[in-house]
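Inside the fold
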Amino acid sequence: MFHHFHDDKHPKVQGSISADTFAGMIDYLGPERILSAGEWLEKTRNGGLGENDICITFDDALRCQYDIARPVLKEYGITAFWFVYSSVFEGKMERMEVHRYFRNVMFDDIDDFYDEFFKELSNSSYGDEAAEKLADFRPEKYKSNFTFYTDNDRKFRYVRNVVLGHDRHQEIVESMIKKSDMDETGLHDLLWMDNDCLTVLDENRHVIGLHSYSHPSRITHFSFDDQKREYESNSRHLSDLLGKKPETASHPHGAYNDDSLNILKELGVILAFRNNLFEPAPSALELSREDHSVVLKRMNNS
C-alpha cells in the first residue's frame, strides 16, 4: 500500500519515497511475484489467489503517484490498483491532505509542527479539555500495531481522531495556516490527479477503484444513507468517466462496518482492501494490505 512520493517537483513529506526507492522495493519483493491488477481481480473473482501472490495499490488519487510511481511500474510492466476519492476531481480541496502538506513543507521537522500544534491547541478553547484527556494518555498503547509511528505521531493522531474530532481539529490547523505564509495557489494541481490521469491509467490496464467521495476520517460514524451517498457518488464519477462500473475499493482510513460492506456489494464491488495485516481477511471485501513503510524497513534490515 503506497501513498506519497517525492522528487524535484513533489516535496518530501513524512513517509514519502523516491522513484529509486520504489524500484528497489519492487526488486526486493520480486517482480515475478507481483500480479498485475487485472490478474489479481480475476483470481479474486475465481477464488484462485495464492498465498504468495501480491499486488501494488495506491490510495487517495495523489498526483505524485502518477508522476513518480507510474513510470516505474511501466518499466517493470506491472499494473496496479488506484483507489480514488472523487471530490477532488470536482475542484474541492480535501483539507487533510492540505494539512499534511502544511505540516511537512512549512516546518523544518515534523516535531516542530507538533510543538506548534500543541501550543495552538493549548491556547484554544479546547485546551483544558485536551489536557484533561491527555493526562492518562500512553502513546505506546495507541495504534501500537503501527510500529512506524513515533510517540509524537501517536499523540497527534489521538488528539486529532479521538479528542478533537474532524471539525475541531480542522479549526486548529486552519488557524495555524492563516497565521503562516503558505500560499495555496496551484496546490490542488500539485497534490491531486485530474480526470485525464485516470483515463490514461485505465487505457494502460491499471484498475481504478472506489475510496468514497469525500474521504471521511471515520466513515463508520456515518448513517447507512450517508455512506451510500459517499460510495454512489464515487461510483458514478468513475462510471461516467471510464464507461464501466468500478469493481474494486479500498476502505478510507481502513474504516468500514457491515453497512459499508453491504453498500459495496450493492454497487457490484468484488474486492476491497483494508489498510493493515492485523487479522486474517474474512472476506474478499476485507483483504489485508501491508504499508510500504513496513516493507521498506524489512528491506533495509535484510
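Look up a bit, the structure's there.
Residues numbered from 1 in each chain as written. Predicted model: local features only at pLDDT ≥ 70, side-chain atom pairs only at ≥ 80, totals over all residues. Heavy atoms only, no water.

**Examining the side chain of Glu120**
Inspection of the secondary structure puts Glu120 in helix α5 (residues 110–122). Reaching out from Glu120, the side chain makes a polar contact with the side chain of Ser175 at a distance of 2.7 Å. Not counting residues within four places of it along the chain, the set of residues in contact with Glu120 comprises Ile172, Ser175, Met176 and Lys179. (Helix = DSSP H or I, 4+ residues; strand = E, 2+ residues; numbered from the N terminus. Polar contact = N/O pair within 3.5 Å; in protein donor to acceptor, adjacent residues only side chain to side chain. Contact = heavy atoms within 4.5 Å.)

**So, the pattern of salt bridges**
Tallying each qualifying case throughout the model produces 19 salt bridges. For Asp67, the salt bridge is made with Arg63, and the minimal N-O distance between the two is 3.0 Å. With Asp67 and Arg63 both in helix α3 (residues 63–76) and 4 residues apart, the pair spans about one turn of that helix. Exposure remark for Asp67: the relative accessible area of 24% places this residue in the partly exposed category. (Salt bridge = Lys/Arg side-chain N within 4 Å of Asp/Glu carboxyl O. Buried < 20%, exposed > 50% of the residue type's maximum accessible area, 1.4 Å probe, protein only.)

**So, the state of the cysteines**
Under the criterion given, the structure shown has 0 disulfides. Cysteine Cys55 is unpaired, with the sulfur of Cys64 as its nearest cysteine sulfur at 19 Å. Free of any disulfide, Cys197 has its nearest cysteine sulfur in Cys64, 11 Å distant. Using a relative accessible area of 2% as the deciding quantity, one classes Cys197 as buried. (Disulfide = S-S within 2.5 Å.)

**Re helix α2 (residues 37–46)**
Of the residues making up α2, those classed as buried are Ala37, Trp40, Leu41 and Thr44. Projected onto a plane normal to the axis of α2, the buried residues spread over an arc of 100° and lie on a single side. Each element contacted by the buried residues of α2 is listed here: β2 (81–84), β3 (207–210), β4 (248–250) and β5 (271–273). One or two steps after α2, the chain reaches Gly47, where phi turns positive at roughly 70°. (Arc of directions from axis to C-beta.)

**Notes on the environment of Met93**
Following the sequence through the fold, Met93 ends up in the loop between β2 and α4 (95–105). On the basis of relative accessible area, Met93 is assigned to the partly exposed category, the value being 24%. For the pair Met93 and Asn300, spaced 207 residues apart in sequence, the C-alpha separation works out to 35 Å. Contact partners of Met93, with chain neighbours within four places excluded, come to Val98, Glu184, Leu187, His188 and Trp192.

**Remarks on the nonpolar core**
Ranked by size, the top nonpolar core spans 77 residues in total, and within it Phe22, Ile56, Phe58 and Phe117 carry the most contacts. For this core, the leading source of residues is helix α7 (residues 151–179), giving 9 residues. Setting aside chain neighbours within four positions, we find Phe58 in contact with Phe2, Phe5, Phe22, Gln65, Ala69, Leu73, Ala80, Phe81, Trp82 and Phe83. By size, the runner-up hydrophobic cluster in this structure holds 11 residues, among which are Ala37, Trp40, Leu41 and Phe83. (Core = buried A, V, L, I, M, F, W, Y, C linked by side-chain atoms within 4.5 Å.)

**Focus: the packing of helix α10 (residues 224–242) against helix α11 (residues 258–266)**
For the pair α10 and α11, interaxial distance at closest approach is 10 Å and the crossing angle is 45°. In this view, α10 runs oblique relative to α11, as classed from their interaxial angle. The way α10 lies across α11 gives a crossing that is right-handed. Residues Phe224, Gln227, Lys228 and Tyr231 of α10 touch α11, and the partners they reach there are Asp259, Ser260, Ile263, Leu264 and Glu266. By residue class, the composition of the contact of α10 with α11 is 4 nonpolar, 2 polar and 3 charged. (Axes fitted to C-alpha atoms, helices over the stretch in contact; angles between N-to-C directions. Parallel < 35°, antiparallel > 145°, perpendicular 65-115°, else oblique. Left-handed = near helix turned anticlockwise from the far one by under 90°. Nonpolar A, V, L, I, M, F, W, Y, C, P; charged D, E, K, R; others polar.)

Any functional reading would require information beyond the geometric quantities listed.
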